[in-house]
Amino acid sequence: MSNFLRGCALLFIVFGLASGCINDDANKKEKEIVWQDEFDGSGSLNSDYWSYDIGTGVEIFGRPGWGNNELQYYTDRPENVRINDGFLEITAREESFEGSDYTSARILTRGKFEKTFGRFEARIKLPFGQGIWPAFWLLGDDSNGTVNWPQIGEIDIMEYRGQEPTIVHGSVHGPGYSAGEAVTDSYVLSNSRFDTDFHFFAIEWGPDFIKYYVDDELYNEINPGDVNGEWVFNDNTFYIILNVAVGGSFVGSPNSRTPFPQTMVVDYVRVYAE
């Protein structure tokens with residue numbers, strides 16, 4: 001059981017109320033959960049669910065930076081990725097490691113869980129600071145390397161600039177609308193920040209539509225008429241990625257005021273049937 005649900009259950013028992021918690025879960029009761037990781041306990045990730053991207057991306061892109069001028073070296077060390085008392089923690093650190101000045105982690109379900117359509121949802125508390133770039137996103141299968149990005153498609157459920165702690169972004173990338181030309185919209189949090197509490201980030205994805213939610217509030221819907229190119233989200237299977245990048249074209253580099261380490265804390269990831 002996730003820490004959130006555990007907390008709701010406790011509140012219900014003690015007070016007989018907790019209507020906010022129960023109502024939120026009730027919104028999804030009609031949908032079948034087809035995959036989930038609640039990150040219970042402490043220790044390493046479930047290897048049946050997750051694998052790791054390691055390094056700087058030079059082997060894939062021909063130069064470091066994972067195609068985005070990022071500065072971190074991704075590892076699978078517990079200093080960068082672990083389950084701690086029921087939460088997944090991905091931590092970006094400022095340290096010299098294998099020629100890079102920063103380390104972090106990127107985990108993915110590629111080859112272990114891939115799906116077309118459904119509701120993809122996570123409950124996350126985000127990190128903070130100039131140059132910190134956490135994300136919860138989906139990438140299309142590349143048919144054993146025979147199809148390249150952006151033709152494979154990318155769905156960014158949540159991206160966030162650490163220097164803008166009240167704003168998150170939801171986007172799609174495809175042929176003719178990738179990188180700086182991605183189709184995107186933003187959600188601005190009122191009277192709070194994404195780094196001070198947990199929030200729900202989700203998409204509802206079906207034939208010819210992707211709807212974006214923050215805390216169950218719909219703020220963006222993208223359909224084939226919104227993209228300047230081929231809609232590549234109806235046929236391919238997609239896998240889940242969670243990561244915290246440092247630096248890069250989207251956020252710029254950290255500066256002297258960026259506090260390290262910075263941790264993205266994830267309560268759970270769930271996937272519901274369409």
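Everything below is about the structure printed above this text.
All residue numbers refer to positions counted from 1 along the written sequence of the respective chain. pLDDT decides what is reported in this predicted model: residues at 70 or higher carry local features, side-chain atom pairs at 80 or more are listed and counted, and totals for whole chains, interfaces and linings draw on all residues regardless. The basis for every side-chain value is the complete set of heavy atoms in the structure, and neither hydrogens nor water enter the calculation.

**Q** Explanation requested: the pattern of salt bridges in the structure shown.
**A** Two side chains that carry opposite charge are able to pair once their charged atoms sit near each other. By definition here, a salt bridge exists when the distance from a side-chain nitrogen of Lys or Arg to a carboxyl oxygen of Asp or Glu is within 4 Å. Following the criterion strictly, the structure yields twelve salt bridges and no others. The partner of glutamate 164 in a salt bridge is arginine 161, with the nearest N and O atoms 3.7 Å apart. Look at arginine 161 and you get partly exposed, because its relative accessible area is 22%. What emerges from the salt-bridge pattern is a single network uniting Lys31, Arg119, Glu121, Glu204 and Asp216. For every residue, the accessible area (1.4 Å probe, protein chains only) is compared with the maximum for its type, and the residue is labelled buried under 20%, exposed over 50%, or partly exposed between those bounds.

**Q** Would you take a moment to explain the packing of aromatic side chains for this structure?
**A** Aromatic contacts are taken between Phe, Tyr and Trp rings whose centres are within 6.5 Å, Trp giving its six-membered ring; a plane angle under 30 degrees counts as stacked, one over 60 as edge-to-face, and the others as tilted. Enumeration according to the criterion identifies 19 aromatic pairs in this entry. With 6.5 Å between their ring centres and 75 degrees between their planes, phenylalanine 61 and tryptophan 66 make a pair best called edge-to-face. Using a relative accessible area of 4% as the deciding quantity, one classes tryptophan 66 as buried. Each ring, one from phenylalanine 194 and one from phenylalanine 201, has its centre 5.7 Å from the other, and the planes form 45 degrees; the classification is tilted. For the pair shown, phenylalanine 194 and phenylalanine 201 are each scored as buried. Three or more aromatic residues joined by ring pairs make a cluster, and in this case those are Phe117, Phe120, Trp205, Trp231, Phe233 and Phe238. Working rule: Lys NZ or Arg CZ, within 6 Å of ring centre, within 35 degrees of ring normal, means a charge sits over the ring. A cation over a ring is seen here: arginine 161 above phenylalanine 250, with NZ or CZ 3.9 Å from the ring centre. The ring of phenylalanine 209 has lysine 211 lying over it, and the distance from NZ or CZ to the ring centre is 5.5 Å.

**Q** Explanation requested: unusual backbone geometry in the structure shown.
**A** For residues besides glycine, phi is generally negative; the peptide bonds are generally trans as well. With omega at 10 degrees, the peptide bond leading from tryptophan 149 into proline 150 counts as cis. Relative to the helices and strands, proline 150 is located in the loop between strand S9 (132-140) and strand S10 (154-159). At the junction of phenylalanine 260 and proline 261, the peptide bond is cis and its omega measures out at -5 degrees in the coordinates. Within the secondary structure, proline 261 sits in the loop between strand S16 (238-246) and strand S17 (262-272). The phi torsion at glutamate 98 lies on the positive side, around 50 degrees, for a residue other than glycine. When you line up the elements, glutamate 98 lands in the loop between strand S5 (87-97) and strand S6 (100-104). The helix count covers DSSP runs of H or I at least four residues long, the strand count covers runs of E at least two residues long, and both are numbered beginning at the N terminus.

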